[in-house]
Each structure stands twice: as C-alpha cells, then as structure tokens.
Amino acid sequence: PRQEATLQELSLDIPERKPRTTCSLFMEDPKLLAGSDRLWIISPEDVRYFKDGQRTALIVGNRLGNITHPFLLEGRPAVLEERPGGMALTILRNRLWERGPLIHFGPENEVSSLVSRIRVVPCAGGIHLFMNFGSTLQYREGLPQGSGSDWSSWEPVARSSKVWSAACVEGQAAAFVV
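The rules behind each value
- Residue positions within a chain follow its written sequence, with the count starting from 1.
- With pLDDT at 70 or above as the cut-off, local features in this predicted model cover only qualifying residues; side-chain atom pairs require 80 or more to be listed or tallied, and sums for whole chains, interfaces and linings still use all residues.
- Note that the side-chain values use all heavy atoms of the structure and ignore hydrogens as well as water.
- Counting from the N terminus, the helices are DSSP H or I runs at least four residues long and the strands are E runs at least two residues long.
- For the radius of gyration, the atom set is restricted to C-alpha positions; the globular benchmark scales as 2.2 Å times the number of residues to the power 0.38.
- Burial here depends on accessible area, computed with a 1.4 Å probe over protein chains only, as a share of the maximum for the residue type. Under 20% is buried, over 50% is exposed, and the range in between is partly exposed.
- Contact between two residues is taken to exist if any of their heavy atoms lie within 4.5 Å; hydrogens are not considered.
- Residue-level accessible areas treat just the shown protein chains as cover; the underlying method is Shrake-Rupley with a 1.4 Å probe.
- Only four residue types enter the charge count: Lys and Arg as positive, Asp and Glu as negative, with His and the chain ends excluded.
- Charge placement uses NZ in Lys and CZ in Arg. For Asp and Glu, CG and CD serve respectively.
- Note on ring pairs: Phe, Tyr and Trp rings are taken, using the six-membered ring of Trp, and paired if centres are within 6.5 Å. Classes follow the plane angle, with under 30 degrees stacked, over 60 edge-to-face and the rest tilted.
- Over a ring means this: the NZ of a Lys or the CZ of an Arg is within 6 Å of the ring centre and within 35 degrees of the ring normal.
- Polar contacts, as counted here, are pairs of nitrogen or oxygen atoms within 3.5 Å of one another; within protein the pair requires one atom able to donate a hydrogen and one able to accept it, and residues that are adjacent in sequence qualify only if both atoms are side-chain atoms.

### Things to note about the overall build of the chain
Moving on, step 1. Each helix and strand counted, the chain has zero helices and 16 strands in total.
Moving on, step 2. Expected size for 178 residues packed as a compact globule is a radius of gyration near 16 Å; at 17 Å, the chain falls within 12% of this value.
Moving on, step 3. Residues counted as buried form 38% of the 178 residues belonging to the chain.
Moving on, step 4. Once local pairs closer than 6 in sequence are excluded, the contacts in the chain between residues at least 24 apart make up 35%.
Moving on, step 5. Counting every atom, the chain has about 10400 Å² of accessible surface; 50% of that belongs to carbon and sulfur.
Moving on, step 6. Each charge class in the chain was averaged separately, 20 positive and 20 negative side chains, and the resulting centres sit 4 Å apart.

### Topic: the packing of aromatic side chains
Moving on, step 1. Taken as a whole and judged by the stated rule, the model has two aromatic pairs.
Moving on, step 2. Judged by centre distance (5.4 Å) and plane angle (65°), the rings of Trp 40 and Tyr 49 are edge-to-face. You'll find Trp 40 and Tyr 49 in the same group, each marked buried.
Moving on, step 3. Arranged with centres 5.1 Å apart and planes meeting at 50°, the rings of Phe 130 and Tyr 139 form a pair that is tilted.
Moving on, step 4. Judged by relative accessible area, Phe 130 falls into the buried class, the value being 3%.
Moving on, step 5. Against the face of Tyr 49 rests Arg 38, its NZ or CZ located 4.2 Å from the ring centre.
Moving on, step 6. Between the NZ or CZ atom of Arg 119 and the centre of the ring of Trp 164, over which it lies, the distance is 5.2 Å.

### With respect to the side chain of Arg 38
Moving on, step 1. Tracing the chain through its elements places Arg 38 in the loop between strand 3 (31–34) and strand 4 (39–42).
Moving on, step 2. A polar side-chain atom of Arg 38 sits 3.0 Å from a polar atom in the side chain of Asp 37.
Moving on, step 3. Setting aside chain neighbours within four positions, we find Arg 38 in contact with Leu 33, Tyr 49, Phe 50 and Lys 51.

Structure follows, in structure tokens:
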C-alpha cells in the first residue's frame, strides 16, 4: 500500500544540524539510490529523483513486482525483480523497466520471497551478491546461471543478523553486519 513519507536533508555545515523536509512522497515502499548527480527514489509503481533541490517524477511505462534494493548498473537504476519462476535483472531504460531472463536462486519449490534478503553490489566492473540465508550471510560473484540452485558458488561471510548492508568500498565488495 502507498504511504506518505518525507525526504529530509541534513546539512553538516549548519551547527544545530537539524534535518529539514525537502519534499513529501506518497509512494509504495520507496527505496533510495544515490546516483552521481541525483538521488533516485524507486518503488514498484513509480520512479522519481531529487536533483538540484527539485523532485522529478518519471512516467514509467510498466509496474514492477517485488524488488530488491535498487543499484546502479552502467549508470542506470536496476533491481532484481521477483517474477513467477524466479527473478529477473530489470534495468530502467528510456522510461521503461526492461527485464532480462529469469534467474533462479534456490530450489524450484521455494515459495518465500528472497528480495528483502539480497543486496546486489556493482563493484570493480563486476556484480557481487550478498544474501542473508538462514543464520549466515552468503556471498557470490556474478549472477547465477541456469537453475542457480548450485549453492557451491556461494561462500559464507559472517553470521547474519537482521541489520546488515553491502557496498563497494575502495574497489572491493564489502558487507557490514551489526
């Protein structure tokens, strides 16, 4: 369901450091993505960005299903989108979400959603995946091919918790676990 949220700005140059509201949003599950010149706001139903103090809404020609946290791929917003039978790498091009072939992340009969447990990190020219699976944070380089159910390509990184993130730091994919 759509909910109202506010985008706030915090200036580190102002001594009292109180956030100020820059705009309000009425979107379904908005996710933020920092671009080189704008802050993207992406939800399954909508794409907006905030640049130079202005919020701009894009008229996107298709709606998404359940999505991972967005990431930049070749400078364009991208997500892994849950589809019947798997997930698809989906990239925003010319105001349309273009879906790639299906990717399978586990057993064919897996019915629980994985999108909230996956982070895609483009880094040093490659794609890196982190997935919170059971009580372990797992890692692999590249998207799975074929059925994707070959778990030997995933490596344990750390005991997982509900609070974790992943990013590209100094040209290396890194995970941060609380």
